[in-house]
Amino acid sequence: MSSRSPILVFGHLCPDTDSVVSALAATALLNGRGMSAVAAMAGPLTPESRFALSRFHLPCPEPLGSVSGRQVALVDFSNVEQGPPDLENAQITAVFDHHRCDALVAPRTPELWLAPVACCATLLSGLFRFYEVSLTPELAGGMLCAILSDTSQFKSSSTTAQDRRAAEELAGLAGIKDINGLGAELLAAKADISGCSMRELVLRDFKDFTMNGHYVGIGQLETPDSKPLISLKKELLAACAELVAEGKESVMLAITDLSREGSYILVVTPYPALFEQAFGQPLRDGCAWIAGMISRKSDMVRPLRLAFESVRS
């Protein structure tokens, strides 16, 4: 492995705004510490991410190619199933994450930064202070967008005091006086579904999880008004069924209505009883409304994991 190659910094497959912006932020942090790093992304930009980069004049990370034999730094994920297929052949030099750490990744990583916050950008904002690396107004604005996105405008149950404090500090650096106004612009961009196929919508913000030996994929679409998406539920369920037919064991799409502070879930699975157990609601034609469900990490993955782990192998 050539020590001259820069460290590839990237987030999970189907990258969201936090994954994209945190790759830029971690790259700036590593470069500021004297390491050569370059930001990459493992999928196309979402409309929200495109808005955030454009709004704050940030560069688009380069497309991620093969990582085999490369030094890499992971942001916003540490689950090998959520990364490129050749990740096991890369040298992981650092991880910056706010999720449950993968037991396969932790022993391989000399620098591991984890925090129980709602957004990876929150963790990184503290590390800029820790390492005394300067943060540009443009990058601060992008990181603010990431926090607003991951906390669902601070409505998510995973939101912490650290996320709120980081958002205020980043807003000051970026010269943003109306955080709520920026959040509204972000949400409008996130809700844009024009020109998208049903499959693209299901996979727009999608992650795979292993739960007691079972493979569960969870996608999420956030919107200020769920009616346009609910009108497409049959087509969206068909797209979920396609993914199951291609090898995914269970697929759930959460259509999160931020005005109503809850989510419609569309589920294709051989284990409907476990989803009903996890969320306390019956599935009718593969669908249910779950009040209070906003955070994928807290409101979806955690109860589902417990339900699957309650089943004896």
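Residues numbered from 1 in each chain as written. Predicted model: local features only at pLDDT ≥ 70, side-chain atom pairs only at ≥ 80, totals over all residues. Heavy atoms only, no water.

**Q** If you had to explain the packing of aromatic side chains to someone new, which residues and values would you point to?
**A** Under the criterion given, the structure shown has 7 aromatic pairs. Among the aromatic residues, those joined into a ring-pair cluster are W113, F130 and Y131. Note that R33 overlies the ring of Y131, its terminal NZ or CZ placed 4.0 Å from the centroid. Above the plane of the ring of F56 lies R55, whose end atom (NZ or CZ) is 4.7 Å from the centre. (Phe/Tyr/Trp six-rings, centres within 6.5 Å; stacked < 30°, edge-to-face > 60°. Lys NZ or Arg CZ within 6 Å of the ring centre and 35° of its normal.)

**Q** Give me the sheet that holds strand β8 (residues 214-223): which residues, what numbers.
**A** Strand pairing within a sheet occurs via backbone hydrogen bonds; the two strands may be parallel or antiparallel. With mixed pairing, the 5 strands of this open sheet are ordered in space as β7-β8-β9-β10-β11. The outermost strands of the open sheet, each flanked by one partner alone, are β7 (206-211) and β11 (287-291). Between one strand and the next, the sheet's axes are offset by a mean angle of 25°, whatever the strand orientation. Summarising the sheet, β7 and β8 pair through 6 bridges and their orientation is antiparallel. Note on β8: the bridge partner recorded for D208 is G217. (Pairing = 2+ DSSP bridges. Helix = DSSP H or I, 4+ residues; strand = E, 2+ residues; numbered from the N terminus. Axes fitted to C-alpha atoms, helices over the stretch in contact; angles between N-to-C directions.)

**Q** Lay out helix α11 (residues 296-309) in plain terms, naming residues and giving numbers.
**A** Taken across its 14 residues, α11 has 11 buried, putting it largely inside the fold. Restricting attention to buried positions, one finds in α11 the residues R296, K297, S298, D299, M300, V301, P303, L304, R305, A307 and F308. Contacts made by the buried residues of α11 are with β7, β8, β9 (250-257), β10 (262-268) and α10 (272-279). With a side-chain oxygen lying 3.3 Å from the backbone nitrogen of K297, the N-terminal cap of α11 falls on S295. (Buried < 20%, exposed > 50% of the residue type's maximum accessible area, 1.4 Å probe, protein only. Contact = heavy atoms within 4.5 Å. Polar contact = N/O pair within 3.5 Å; in protein donor to acceptor, adjacent residues only side chain to side chain.)

**Q** Give a description of the nonpolar core that names residues and reports values.
**A** One finds V9, F96, L124 and M143 to be the most contacted residues of the largest nonpolar core, which totals 51 residues. If you look at the next biggest cluster of nonpolar residues, it comprises 21 residues, including M252, A254, F279 and A307. (Core = buried A, V, L, I, M, F, W, Y, C linked by side-chain atoms within 4.5 Å.)

**Q** Tell me what's going on with the environment of V117, and back it up with residues and numbers.
**A** When you line up the elements, V117 lands in the loop between β6 (111-114) and α3 (120-130). Along the sequence, V117 and E261 sit 144 residues apart, while their C-alpha atoms lie 20 Å from each other. Other than its neighbours up to four places away in sequence, V117 contacts H98, T122, L123, S158, T160, Q162, D163 and K297.

Treat this as a map of the structure, not an account of what it does.
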